[in-house]
Amino acid sequence: MSFTLATWNINSVRLREGLVAKLMAEEQPDILCLQECKSPVEMIPVDQFQALGYRYMVARGQKGYNGVAILSKLPIIDAGEKDFAAMGHARHVAARLENGVTIHNTYIPAGGDIPDRALNEKFGQKLDFLTDMRDYFRWEKPSRSILVGDLNIAPREDDVWDHKKLLKIVSHTPIEVEHFNQVMESGDWVDVTRNDLPEGRLYSWWSYRAADWDGADKGRRLDHIWASRDIAASGHSSRILRPARGWLQPSDHVPVFATFDL
């Protein structure tokens, strides 16, 4: 069984329903994981997606913010959710394929602007979320699992446009990267994207604040695809759809893809 999976922080699935449909029609991933849907589940516009072949959906939603959804051409069943850090947010949902592979779709908190939990509650929540993920995967070792999402951390020096300038900027601070790596190690996760594309700068997010996002190219790789060690070798054909950042009324994130032969 071979399938292609994409992950995308869509920044409102209702506002950008047309962009989701465009991706489905043009790229045709078998599974599409969306974050920051900003919609109750019952208000996600599924009719157009179903018409394009995405007959299955597992989702968790909230009005106006957060929200995660897994849309699939392949049969999936709901495999639950975790409320990491007990925030009460719709930031994680899991689905299981018929071959037993579990997909975790995760939206880690952005963490605000100040990288100090004493001054910024949101940064503390982000670190607590990561710590809870670490502990969960330490005790519930993943197998035949894929974890994707907007993890809101660019861990490597070549995952940001300027490593030194961003060391004190939320998403690339040493303490966030340390927590990020602990989550990876606790579940023995493999970074599929970097396993495929080990060298060079890779970005999946460009700020709305940049007047010329493409020319300035001040990006960060915040969106990730991981696989548990037992199936990591089956992942290949990783890519990031950079042109999507230039679509009409785009998200500030772009889709990340990988194909798995399982």
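Residues numbered from 1 in each chain as written. Predicted model: local features only at pLDDT ≥ 70, side-chain atom pairs only at ≥ 80, totals over all residues. Heavy atoms only, no water.

Help me out: how do you make sense of the overall build of the protein chain in this one?
Along the protein chain, the regular secondary structure elements total six helices and 14 strands. Since a compact globule built from 262 residues should have a radius of gyration of about 18 Å, the 17 Å found for the protein chain is in line with a globular shape. Over its C-alpha atoms, taken along the principal directions, the protein chain stretches across nearly 45 × 45 × 40 Å. Across the 262 residues that make up the protein chain, the buried fraction comes to 54%. Considering only contacts in the protein chain between residues 6 or more positions apart, those separated by 24 or more positions represent 68%. Element-wise, carbon and sulfur atoms account for 49% of the exposed surface of the protein chain, whose accessible area totals about 11,300 Å². Taken together, the 32 basic and 37 acidic charged side chains of the protein chain have centroids lying 3 Å from each other. (Helix = DSSP H or I, 4+ residues; strand = E, 2+ residues; numbered from the N terminus. Rg over C-alpha atoms; globule rule 2.2 N^0.38 Å. Buried < 20%, exposed > 50% of the residue type's maximum accessible area, 1.4 Å probe, protein only. Contact = heavy atoms within 4.5 Å. Areas by Shrake-Rupley, 256 points an atom, 1.4 Å probe, with all protein chains shown as cover. Lys, Arg positive; Asp, Glu negative; His and termini not counted. Charge placed at Lys NZ, Arg CZ, Asp CG, Glu CD.)

Would you mind showing me how to read the state of the cysteines here?
One covalent bond between the sulfur atoms of two cysteine residues makes up a disulfide. Applying the stated criterion to the full structure yields zero disulfides. No disulfide involves C33; its sulfur sits 10 Å from that of C37, the nearest cysteine. Taking relative accessible area as the criterion, C33 reaches 0% and is therefore assigned buried. (Disulfide = S-S within 2.5 Å.)

What is the right way to read helix α3 (residues 121–139) from this model?
Taking 1.5 Å as the rise per residue, α3 with 19 residues should run 27 Å; its terminal C-alpha atoms sit 27 Å apart, in good agreement. Within the span of α3, buried status applies to F123, G124, K126, L127, F129, L130, M133, R134 and F137. Those residues of α3 that are buried are in contact with β7 (102–107), β8 (145–150), α4 (174–187) and β9 (189–191). Sitting at the head of α3, N120 places a side-chain oxygen 3.1 Å from the backbone nitrogen of K122. (Expected span 1.5 Å × (residues − 1). Polar contact = N/O pair within 3.5 Å; in protein donor to acceptor, adjacent residues only side chain to side chain.)

How do you make sense of the pattern of salt bridges when you look at a structure like this?
Think of it this way: side chains of opposite charge can pair up when their charged atoms draw near. According to the stated counting rule, one finds 17 salt bridges in the structure shown. When the shortest N-O distance is used, the salt bridge between R221 and D159 registers 2.8 Å. Residue R221 is found in the loop between β11 (219–220) and β12 (223–228), and its partner D159 is found in the loop between β8 and α4; the two are separated by 62 residues along the sequence. D159 carries the same exposure label as R221, and that label is buried. One salt-bridge network, held together by shared partners, links R156, D158, D159, D191, R194 and R221. (Salt bridge = Lys/Arg side-chain N within 4 Å of Asp/Glu carboxyl O.)

I tried to follow the environment of G53 on my own but got confused; where do I start?
Tracing the backbone through its elements, the reader meets G53 in the loop between α2 (46–51) and β3 (56–60). What makes G53 partly exposed here is its relative accessible area of 26%. For G53, the residues in contact, after removing those within four places along its chain, are S72 and K73.

What is the right way to look at unusual backbone geometry in this model?
For residues besides glycine, phi is generally negative; the peptide bonds are generally trans as well. Phi is positive for E36, close to 55 degrees, though the residue is something other than glycine. Secondary-structure assignment places E36 in the loop between β2 (31–35) and α2. One non-glycine residue, N152, adopts positive backbone phi at about 55 degrees. Along the polypeptide, N152 turns up in the loop between β8 and α4. Overall, N152 belongs to the buried group, its relative accessible area being 8%.

I keep staring at the environment of G235 and nothing clicks. Help me out?
Along the polypeptide, G235 turns up in strand β13 (residues 235–240). Given the relative accessible area of 11%, G235 is considered buried. With 138 residues separating them in the primary sequence, G235 and L97 have C-alpha atoms 16 Å apart.

Could you clarify how one ought to interpret helix α1 (residues 17–27) in this entry?
Given 3.6 residues per turn, any residue in an α-helix points the same way as the ones three and four places further on. When we look at burial in α1, the residues that qualify are L19, V20, A21, L23 and M24. Looking at the buried residues of α1, the elements they touch are β1 (2–9), β2, α2, β4 (68–72) and β14 (256–261). Trailing α1 by a residue or two, Q28 shows a phi angle of about 50 degrees, which is positive.

I'm lost on the side chain of R91 in this one. Help?
Relative to the elements of secondary structure, R91 occurs in the loop between β5 (76–78) and β6 (92–97). The side chain of R91 sits in the buried core without any salt bridge; D150 is the nearest counter-charge, 7.3 Å away.

Explain the sheet that holds β12 here, please?
Adjacent strands of a sheet form backbone hydrogen bonds with each other and so pair up, either parallel or antiparallel. As summarised here, the arrangement of the six strands in space is β5-β6-β7-β8-β12-β9, forming an open sheet in which the pairing is mixed. Edge positions in the sheet fall to β5 and β9, since each has one partner strand and no second. Neighbour-to-neighbour, the strand axes of the sheet open up by a mean angle of 25 degrees, direction not taken into account. Two elements, β5 and β6, share three bridges in a ladder whose sense is antiparallel. Residue pairing in the sheet places I76 in a bridge with L97 of β6. (Pairing = 2+ DSSP bridges. Axes fitted to C-alpha atoms, helices over the stretch in contact; angles between N-to-C directions.)

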